[in-house]
Every structure is written in C-alpha cells, then in structure tokens.
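# Analysis of the macromolecular model
Single-letter residue listing:
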Amino acid sequence: MRHLLDIETADRGFLDRVLESAEVFLKVLEQPSRKLPTLRGKTVLFMFMEPSTRTQASFEMAAKRLSADTLNFSPAKSSMKKGETFLDTLYNLQAMEVDGIVIRHSAPGAAHFVARHTKASVINAGDGSHEHPTQALLDAFTVKRRLGTLSGLKVLIVGDILHSRVARSNLFLWRMYGSEVLFSGPPTLLPREFEELGAKVVELDDALPEADVVMVLRLQRERMEGSFVPSVREYRRFWGMTRERLKALREDTLLMHPGPVNWGVEMDWEAQERPNTVILEQVRNGVAVRMAVLYHLLAKAEDLG
Ligand code: CP
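The rules behind the values
- Residues numbered from 1 in each chain as written.
- Predicted model: local features only at pLDDT ≥ 70, side-chain atom pairs only at ≥ 80, totals over all residues.
- Heavy atoms only, no water.
- Helix = DSSP H or I, 4+ residues; strand = E, 2+ residues; numbered from the N terminus.
- Rg over C-alpha atoms; globule rule 2.2 N^0.38 Å.
- Buried < 20%, exposed > 50% of the residue type's maximum accessible area, 1.4 Å probe, protein only.
- Contact = heavy atoms within 4.5 Å.
- Areas by Shrake-Rupley, 256 points an atom, 1.4 Å probe, with all protein chains shown as cover.
- Lys, Arg positive; Asp, Glu negative; His and termini not counted.
- Charge placed at Lys NZ, Arg CZ, Asp CG, Glu CD.
- Near = heavy atom within 4 Å.
- Polar contact = N/O pair within 3.5 Å; in protein donor to acceptor, adjacent residues only side chain to side chain.
- Nonpolar A, V, L, I, M, F, W, Y, C, P; charged D, E, K, R; others polar.
- Domains from an automatic or database assignment.
- Right-handed = clockwise from strand over helix to strand, strands pointing away.
- Buried area = accessible area lost by both parts, 1.4 Å probe.
- Salt bridge = Lys/Arg side-chain N within 4 Å of Asp/Glu carboxyl O.
- Core = buried A, V, L, I, M, F, W, Y, C linked by side-chain atoms within 4.5 Å.
- Axes fitted to C-alpha atoms, helices over the stretch in contact; angles between N-to-C directions.
- Parallel < 35°, antiparallel > 145°, perpendicular 65-115°, else oblique.
- Left-handed = near helix turned anticlockwise from the far one by under 90°.
- Pairing = 2+ DSSP bridges.

Turning our eyes to something else, we now look at the overall build of the protein. Within the protein, the regular secondary structure consists of 12 helices and nine strands. Since a compact globule built from 305 residues should have a radius of gyration of about 19 Å, the 19 Å found for the protein is in line with a globular shape. Considered along the principal axes of its C-alpha atoms, the protein spans approximately 55 × 45 × 35 Å. Considering the protein as a whole, with its 305 residues, one finds that 54% of them fall into the buried category. Restricting the contact set of the protein to residue pairs at least 6 apart, pairs at least 24 apart contribute 74%. Summed over its atoms, the accessible surface of the protein is roughly 13,600 Å², and 50% of this surface lies on carbon and sulfur atoms. Where the 40 positive side-chain charges of the protein centre and where its 40 negative ones centre are 5 Å apart.

Dropping the structure here:
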C-alpha cells in the first residue's frame with residue numbers, strides 16, 4: 001500500500017504487518033536511545049487543519065524516533081490566510097519534495113483528495129466524520145496486547161456514533177478481524193445505515209455485562225448544529241459511563257476512549273480507577289503504531305526485506 005486513507009479499503013496484510021511491527025517498535029521505545037535510523041533522509045509533512053493533541057504529537061514523535069525530518073504546516077499562520085487555495089498550498093509544499101503527508105481535515109474525503117494530487121504517501125489522521133484509521137489500529141493493538149486476540153470479541157461502541165470517524169474505522173477493522181461490533185447511543189446520533197455495514201444496535205445496559213471491550217466516544221458538540229440530545233445531563237443519564245454503569249462491567253472488560261474525554265459527560269472520572277481502563281495505554285501505544293505505519297509506507301523496499 002502507498003497510502004493509508006481508510007480501514008474500509010485497506011489491505012488486511014498491510015494492517016497485519018503494522019500490528020506486528022508495532023510490537024517491535026514498542027520495544028525500541030523502551031530502550032535508552034528510543035531511536036532508529038530507518039527513515040533518515042525522508043521528510044514527513046504534517047497538515048493538521050483541525051485541532052489535535054494526541055494524533056499530531058504522536059505522529060511527530062513517531063517520525064522523529066525513526067529519524068525522519070518533520071515539517072509542520074499551520075493553516076492559521078500560512079498564506080491560506082492571504083487567500084491561497086488548499087490545492088495551491090499542497091502543490092507548493094510538495095515542490096519541496098516531501099515523502100509523506102499526514103493530513104487531518106474537517107472534510108470527509110480530504111485525505112483521498114490529497115492522495116490524488118501529490119506524489120507523497122498520504123496518511124489520513126482524521127477526515128471529518130469519515131475515518132481515523134490509525135486510531136482504529138492503535139485501539140486494535142491495545143486490545144491485542146491485553147486480550148491476546150482480535151477475533152471472537154464483542155466490541156461495544158457507545159455514544160455519538162453519527163459524528164465519529166473512530167466508530168467507522170473501528171467498525172471496519174473489527175469486522176475484518178472477525179469480532180462482533182455492537183453500537184449503542186441516542187437514536188439521533190446512531191444512523192440505522194450502520195446496521196447494513198455489520199454493526200448490531202443494542203440497549204446499553206443489556207450489553208455492558210456481555211462486552212469484552214467498551215469504547216466510549218466523545219459527544220462532538222462542535223459538529224452539532226441542531227439539537228441532537230435534550231441536554232448534557234440527560235445524555236450522561238442515558239448514555240454516560242456513570243459510576244453505576246462502571247459496576248455493570250466485568251472486571252476483565254477493557255474500557256477505552258480515543259480522547260479527548262468530556263469527563264462527567266460521557267464518562268465519570270471514577271473510570272480511571274479500574275485496572276482495565278486503558279485510555280492512556282492507547283495513547284502510549286499510538287506512538288509505536290504510527291512508527292509502524294510510517295515505516296511500512298516510507299521505508300525503502302530493501303529495508304522492508
Ligand atoms: N484521538 C484523537 O484523535 O485525539 P486528538 O484529536 O487529540 O488527536
């Protein structure tokens with residue numbers, strides 16, 4: 001694969017190789033030097049046109065740990081402020097011979113657009129409510145390390161499914177690996193079309209004790225123009241991972257969240273006291289997974305063996 005644009009059309013062999021290599025890179029990150037020369041001479045451009053903490057920082061750290069040069073494009077300080085189009089911006093940055101572009105954008109399909117107009121390898125770091133493939137990969141990697149498998153699991157995804165690129169990428173990934181995907185959320189935030197893609201819509205309180213993995217999603221208020229939920233308080237009561245709902249989870253159930261968390265809305269702070277709440281472990285694993293993605297897309301063929 002030359003690009004990683006989504007999980008829906010990704011090659012299963014590529015995803016397997018990323019997950020295997022991430023294990024090796026995690027060990028590298030535990031060594032004192034924490035660095036490899038693998039991508040020396042390569043340049044990775046970060047185009048984050050929407051806010052990010054985890055994805056941007058971990059991609060940058062991943063590229064640096066592999067000795068790539070990095071270039072940060074900041075739209076607010078760029079000539080786009082003077083009216084330059086996105087496409088012209090892309091052509092100009094590409095003229096500096098970048099090898100990889102990591103793009104986050106509010107428009108679904110933005111990463112595909114960039115891939116059509118550049119010679120570089122493109123990685124989708126989140127395009128609107130479409131997909132966030134490296135988030136699904138780091139989620140899967142975290143589950144595999146903890147539970148030892150990616151198949152035969154019940155993965156319950158809770159909350160604002162409608163606006164969630166994480167939910168879509170995870171749905172495609174878990175179906176590909178033979179696990180069941182259960183969706184639960186307010187009807188206004190849970191389009192029935194997801195059932196056609198293989199998700200089963202369930203009642204939250206019935207499904208909690210059955211789930212091997214519970215992924216709680218952020219209520220994405222910035223993408224809501226109308227009123228999707230009566231109030232934040234009602235949302236928490238019906239769909240939040242409250243103290244009471246935490247007690248309904250099996251002890252061995254993994255509790256995950258892609259971040260950032262609206263504490264006290266979709267999840268109560270007490271969730272962090274469970275040994276099998278793995279939110280920061282997801283973040284930590286994200287560096288190794290993104291190293292693996294950069295390695296498989298950018299390393300020379302002879303390095304890949
Ligand atoms: N999970 C995630 O994409 O977080 P950021 O928006 O902080 O990158």
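Following the structure, the description resumes.
Our focus in this paragraph is the site of the ligand. Taken together, the residues surrounding the ligand are Ser 52, Thr 53, Arg 54, Thr 55, Arg 104, His 132, Gln 135, Pro 258 and Gly 259. Arg 104 has a polar side-chain atom sitting 2.8 Å from an oxygen atom of the ligand. Residue His 132 places a side-chain N or O atom 2.9 Å away from an oxygen atom belonging to the ligand. For the ligand, the protein covers 90% of the area, taking 250 Å² as the surface of the free molecule. Here the residues of the shell around the ligand are counted per class, giving one nonpolar, six polar and two charged. Residues lining the shell around the ligand come from more than one domain, with at least three contributed by each of domain 1 (12–131 + 283–304) and domain 2 (133–282).

With seven of seven residues buried, strand E4 (residues 121–127) is to be regarded as a mostly interior element. This β-α-β element, strand E3 (residues 100–105) to helix H4 (residues 110–116) to E4, shows right-handed connectivity.

The next point concerns the domain arrangement of the protein. As far as domains go, the protein holds domain 1 (12–131 + 283–304) and domain 2 (133–282). Summarising the inter-unit geometry, the C-alpha centres of domain 1 and domain 2 are found 26 Å apart. Between domain 1 and domain 2, the residue contacts involve 28 residues of the former and 27 residues of the latter. Interface area, domain 1 with domain 2, both sides summed: about 2,400 Å², of which 57% is carbon and sulfur. Counting the contacts that link domain 1 with domain 2 gives two salt bridges. Among the ionic pairs, Glu 50 bridges to Arg 165, the shortest N-O distance being 3.1 Å.

Right, let's get into the nonpolar core. Counting residues in each nonpolar core, the largest one holds 63 residues, and the members touching the most others are Leu 137, Ile 157, Trp 174, Phe 183 and Leu 294. Of all the elements, helix H11 (residues 279–298) adds the most residues to this core, at 10 residues. Counting the residues that make up this core, at least three belong to each of domain 1 (12–131 + 283–304) and domain 2 (133–282). Setting aside anything within four residues of it in sequence, one finds Phe 183 in contact with Ile 157, Ile 161, Ala 167, Leu 171, Leu 190, Phe 194, Ala 199, Lys 200, Val 201 and Val 202.

Okay, the packing of helix H1 (residues 12–30) against H11 next. Look at H1 against H11: their axes get within 7 Å of each other, and the N-to-C directions meet at 120°. Relative to H11, H1 is oriented oblique. For the pair H1 and H11, the sense of crossing is right-handed. Contacts between H1 and H11 involve Phe 14, Arg 17, Val 18, Ser 21, Ala 22, Phe 25, Leu 26, Leu 29 and Glu 30 on the former and, on the latter, Arg 284, Asn 285, Val 287, Ala 288, Val 289, Met 291, Ala 292, Val 293, Tyr 295, His 296 and Leu 297. Across the contact of H1 with H11, the residue classes tally to 14 nonpolar, three polar and three charged.

Moving on to the sheet that holds strand E5 (residues 154–158). The strand order E7-E6-E5-E8-E9 describes an open sheet built from five strands, whose pairing is parallel. Looking along the sheet, the strands with just one partner apiece sit at the ends: strand E7 (200–201) and strand E9 (254–256). Relative to the sheet, helix H5 (residues 133–147) contacts strand E8 (213–216) and E9, its axis offset from that of E9 by approximately 160°. Those strands touched by helix H6 (residues 165–176) are E5, strand E6 (180–184) and E8, and its axis lies near 155° from that of E6.

Taken in spatial order, the four strands line up as E2-E1-E3-E4 in an open sheet, and their pairing is parallel. If you trace the sheet from one side to the other, it starts and ends with strand E2 (69–73) and E4, each paired once. On average, adjacent strands in this sheet sit at an angle of 15° to one another, irrespective of strand direction. Here strand E1 (residues 43–48) pairs with E3 via five bridges, running parallel. Looking at the pairing, Phe 48 lines up with Arg 104 of E3. Here helix H3 (residues 86–94) sits on the sheet in contact with E1, E2 and E3, set at roughly 165° to E1.

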